[in-house]
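Chain residues, written in single-letter form:
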Amino acid sequence: MMDSLNLPPLRGAAGSVRLPGSKSISNRMLLLAALAEGNTEIRDLLDSDDTRVMLAALEKVGVGVLCIPGNPLRGQGTALGANAYRVSGCGGVFPVKDADLFMGNAGTAIRPLTAALALSGGHYRLSGVPRMHERPIGDLVDGLLQIGADVRYTGQNGFPPLAIHPSQVKLSAPIRLRGDVSSQFLTALLMALPLAGAEAVIEMTTELISKPYIEITLNLMARFGVKVQREGWQRFTIAAGQRYRSPGVLHVEGDASAASYFLAAGAIGGGPVRVEGVGRNSIQGDVRFADALQAMGARIEWGEQHIEARAPAAGRLKAFDLDLNHIPDAAMTLAVAALFADGRCVLRNIASWRVKETDRIAAMATELRKLGATVEEGADFIAVTGPRSGIPGTQSGTAPTFQAGIAIDTYDDHRMAMCFSLAALGGVQVTINDPQCVNKTFPGYFDAFAGITAPVIAIDGPSASGKGTVAQRVADALGFHFLDSGALYRLTALAAMKARVTLEDEPGVAALAGQLPADFEGDRILLSGEDVTEAIRAEEVGVGASKVAALPAVRAALLDRQRAYRRFPGLVADGRDMASVVFPDAAAKVFLAASAEARAERRYKQLIAKGMPANMHALLQDLQERDARDAQRSVAPLKQCDDADRVDTTEMDIEAAVAAVMSIVKQQRL
Ligand code: DC
């Protein structure tokens, strides 16, 4: 396991991210599907520690759960686990009547399960990691005791671990419940009470916090056929005789809390950054985080299935003073965004932070101070003033200066790790300790973050301009990853030839490109496990590549795959449209040119050196034809971008060309 992750100083953020499924929706849907009559297929379920805790517990109490694996694109490492699950509902009666259940640190699992198990007539023991035993559950247990449930503390009063025994539940009087510590206690009771069959009433005895999470609960219960009558946020009534019935197939929205890191990255780092999987019709309250960013001056655009964020049109992000009770999780992201604001930022009404994965107010204050912020903290607020000139070690808060680095502790709290990745956008190296804690809700987080922030050096140019060799050497010199995008077009052509798909068959070739079973292992390139390193360099494959590269559907099919090579510490990508289409926000853009005669001569020498026949005149003609085809095609034609630096290598050897590119890269301080 990795103990720490070094994030390089980051200059900006742009791109798009497909979000993993929502944790809040995933765990609620799993429990409701388990309690329902009939089978439910849940698509795009989040694959993370917290959902695994719920799945394992449900299986232990006898609920049938079958994973229908997704089909992630090969060669993409972000592991956003788009799995579907089929849950065989038990109709409200868990088959196993005696079980020990380990709930890790998953609040969204232990709270609702405690309530459901208390009404299930069995003997169950629930425990978790040490921090879980410090997280309150007393208000929920008090609510359950009022209706005659038998729930006992086996450790500290008011905290897990718990023991549950069968009992006679009576719903004669309203359940009086506190809602000021966690809204999950109300969620838990609401989801469990239909199991009792009789009319159930819950009356809140305090203000209810985090109300949008209750909306998610009510929305999902309704999809399973149970209606709750709500009088304000004061009184909730579940009419007698309602039962959960499977709605058949359900889809989990992208996680709106996870979206906050990327949207903030877009607001801090220029953008545009688009998150896909949540949009204007989301049922998750955390999408309102985008409004808070907007209040800071960020430019936000809403779609049906996406949200996009950019930096303010001019100037810095603005300071804010906001009540964030409705978005407690996403609010943490604002505390880090505050480092980049133009004044003192106040986050109010966030007392629940103190009882989450860690004491988030204390943890946030400690770590923000390491970055030079002035922080005031109280029982239910935090105020953050960013360092006047940006984060320490930077000049004016934007220019990166390599320094020993700042190490951020994460307190086994996924959100601390994800939030503080944003600090690297201040142009400082940031070390995230115990980065694997993101597995709680977002195992592929750092790859997804790299996908919008890792620096890219785009090297484009015509055939035989030497860009492949130059790009590889630049990547080696910087310790960056390397993408030879031409190889993907060559592989696509070769795969089509092998499958006897004609190169003019656009949908057929695009389908192959979308599923290309290609792997890059060191210097070797494999297609369906076969070593094709030499085969894709054959002249006829090159001609075929040029043909398939002119097909718009093929280019579209390879786009995400190329972008997925963007990883820390950075990427050097060579091709024809790296700067214009694939990585328009590249940190450095180089156009490598050489006269057709010089390029033909290089190729001639290469072929002769390999003992192969070569004809100078034919090579020149072939290159000119390929140049024309690459330059005249309708999509992504080969041309120099306005913001690219031109390096003419006609008179240069490889060493000189590498040196010329490295000096451009150095100007960008990469
Ligand atoms: O760079 P190369 O010779 O390996 O590229 C093979 C073909 O693929 C070439 O005709 C241009 C095309 N190509 C492209 O259109 N876009 C890229 N990004 C890379 C290559």
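Residues numbered from 1 in each chain as written. Predicted model: local features only at pLDDT ≥ 70, side-chain atom pairs only at ≥ 80, totals over all residues. Heavy atoms only, no water.

## Details of the site of the ligand
Part 1 of the argument: As a structural note, the neighbourhood of the ligand is formed by 18 residues, with Ser485, Arg490, Arg555, Asp577 and Arg633 the closest of them.
Part 2 of the argument: Contact distances for the ligand include 2.9 Å between a nitrogen atom and a side-chain N or O atom of Asp577.
Part 3 of the argument: Residue Asp630 places a side-chain N or O atom 3.5 Å away from an oxygen atom belonging to the ligand.
Part 4 of the argument: Compared with its free state, where it exposes 450 Å², the ligand has 96% of that area covered by protein.
Part 5 of the argument: When residues of the shell around the ligand are traced back to their parent elements, those giving at least two are α14 (485-498), α16 (539-548) and α20 (616-632).
Part 6 of the argument: Looking at which element gives the most residues to the shell around the ligand, the answer is α14, with four residues.
Part 7 of the argument: Grouping the constituent residues of the shell around the ligand by class yields four nonpolar, five polar and nine charged. (Near = heavy atom within 4 Å. Polar contact = N/O pair within 3.5 Å; in protein donor to acceptor, adjacent residues only side chain to side chain. Areas by Shrake-Rupley, 256 points an atom, 1.4 Å probe, with all protein chains shown as cover. Helix = DSSP H or I, 4+ residues; strand = E, 2+ residues; numbered from the N terminus. Nonpolar A, V, L, I, M, F, W, Y, C, P; charged D, E, K, R; others polar.)

## Here we look at helix α4 (residues 138-146)
For an α-helix the count is 3.6 residues per turn, leaving residues at separations of three or four pointing the same way.
Part 1 of the argument: Turning to α4, its buried residues are Gly138, Asp139, Leu140, Val141, Gly143 and Leu144.
Part 2 of the argument: Tucked into the core, α4 has its buried residues touching α3 (107-118), β8 (150-153), β9 (162-165), β10 (175-177) and α5 (184-192).
Part 3 of the argument: Taken from the residues just after α4, Gly148 is the one with a positive phi, measuring 90 degrees. (Buried < 20%, exposed > 50% of the residue type's maximum accessible area, 1.4 Å probe, protein only. Contact = heavy atoms within 4.5 Å.)

## Re helix α19 (residues 596-609)
Part 1 of the argument: Between its first and last C-alpha atoms α19 spans 20 Å; for 14 residues at 1.5 Å apiece the expected length is 20 Å, and the two agree.
Part 2 of the argument: Residues of α19 that are buried: Ala596, Ala598, Arg599, Ala600, Arg603 and Leu607.
Part 3 of the argument: Those residues of α19 hidden inside the fold are in contact with α20.
Part 4 of the argument: Downstream of α19 by one or two residues, Gly611 has phi in the positive range, about 75 degrees. (Expected span 1.5 Å × (residues − 1).)

## Considerations on the packing of aromatic side chains
Part 1 of the argument: Summed over the entire model, instances satisfying the criterion amount to eight aromatic pairs.
Part 2 of the argument: In this structure an aromatic cluster arises from ring pairing among Tyr261, Phe262, Phe442, Tyr445, Phe446, Phe449 and Phe568.
Part 3 of the argument: Against the face of Trp233 rests Arg230, its NZ or CZ located 3.9 Å from the ring centre. (Phe/Tyr/Trp six-rings, centres within 6.5 Å; stacked < 30°, edge-to-face > 60°. Lys NZ or Arg CZ within 6 Å of the ring centre and 35° of its normal.)

## A few points about the sheet that holds strand β14 (residues 249-251)
Part 1 of the argument: Spatially, four strands are ordered β4-β5-β3-β14 in an open sheet, and the strand pairing comes out mixed. Of all strands in the sheet, those with a lone pairing partner are β4 (64-68) and β14, marking the two edges. Recorded for the sheet is a direction-independent mean angle of 20 degrees between the axes of neighbouring strands.
Part 2 of the argument: Docked against the sheet, helix α1 (residues 23-35) engages β3 (39-45), β5 (83-88) and β14, running at close to 170 degrees with respect to β3. (Pairing = 2+ DSSP bridges. Axes fitted to C-alpha atoms, helices over the stretch in contact; angles between N-to-C directions.)

## Overview of unusual backbone geometry
Part 1 of the argument: Geometrically, the link from Pro160 to Pro161 is a cis peptide bond, its omega value of 5 degrees lying close to zero.
Part 2 of the argument: Mapped onto the fold, Pro161 is located in the loop between β8 and β9.
Part 3 of the argument: The peptide bond linking Phe568 to Pro569 adopts the cis configuration, its omega dihedral lying at 5 degrees.
Part 4 of the argument: One non-glycine residue, Asp412, adopts positive backbone phi at about 55 degrees.
Part 5 of the argument: For Ser528, which is not glycine, the phi dihedral falls at a positive 50 degrees.

## Things to note about the pattern of salt bridges
Part 1 of the argument: A complete count under the given rule lists 47 salt bridges for this structure.
Part 2 of the argument: Of the charged contacts in the structure, one is a salt bridge between Lys370 and Glu367, with a shortest N-O distance of 2.8 Å. Note that Lys370 and Glu367 are positioned in helix α10 (residues 360-370) at a spacing of three residues, about one turn of the helix.
Part 3 of the argument: Lys370 sits in the partly exposed class, given a relative accessible area of 33%.
Part 4 of the argument: By relative accessible area, which is 0% here, Glu367 ends up buried. (Salt bridge = Lys/Arg side-chain N within 4 Å of Asp/Glu carboxyl O.)

## Quick word on the sheet that holds strand β12 (residues 228-231)
Part 1 of the argument: Sheet architecture is open: four strands sit in the order β10-β11-β13-β12, paired in mixed fashion. Of all the strands in the sheet, the pair left with one neighbour each is β10 and β12. Within this sheet the neighbouring strands show an average axis-to-axis angle of 20 degrees, counted without direction.
Part 2 of the argument: Inspection of the sheet shows strand β11 (residues 200-204) paired to strand β13 (residues 235-238) by four bridges, in the antiparallel sense. Following the sheet pairing, Ala200 is matched in β13 by Ile238.

## Some points on the packing of α19 against α20
Part 1 of the argument: For the pair α19 and α20, the least separation of the axes is 9 Å and the interaxial angle reads 125 degrees. Comparing their axes, α20 and α19 come out oblique. Relative to α20, the crossing made by α19 is right-handed. For the pair α19 and α20, the contacting residues are Ala596, Glu597, Arg599, Ala600, Glu601, Arg603, Tyr604 and Leu607 in the first and Met616, Leu619, Leu620, Leu623, Gln624, Arg626 and Asp627 in the second.
Part 2 of the argument: Among the residues forming the contact of α19 with α20, the class breakdown is eight nonpolar, one polar and six charged. (Parallel < 35°, antiparallel > 145°, perpendicular 65-115°, else oblique. Left-handed = near helix turned anticlockwise from the far one by under 90°.)

## Quick notes on the side chain of Thr649
Part 1 of the argument: Relative to the helices and strands, Thr649 is located in the loop between β31 (645-648) and α21 (654-667).
Part 2 of the argument: Other than its neighbours up to four places away in sequence, Thr649 contacts Ser465, Leu592, Ala593, Ala594, Arg602 and Ala657.

## As for the packing of α14 against α16
Part 1 of the argument: Interhelical geometry of α14 versus α16 gives an angle of 100 degrees and a closest axis separation of 8 Å. Considering the angle they form, α14 stands roughly perpendicular to α16. When α14 is examined against α16, the residues Tyr489, Arg490, Thr492, Ala493, Leu494 and Met497 are found in contact with a partner set consisting of Glu540, Val541, Gly542, Gly544, Ala545 and Val548.
Part 2 of the argument: Per-class residue counts for the contact of α14 with α16 are seven nonpolar, three polar and two charged.

## What to know about the pairing of β13
Part 1 of the argument: Here β12 runs beside β13; their pairing, made up of four bridges, is antiparallel. Bridged to Gln229 within β13 is Thr237.
Part 2 of the argument: Counting the residues that bridge the hairpin from β12 to β13 gives three residues, and of these Gly232 lies at a positive phi of roughly 55 degrees.

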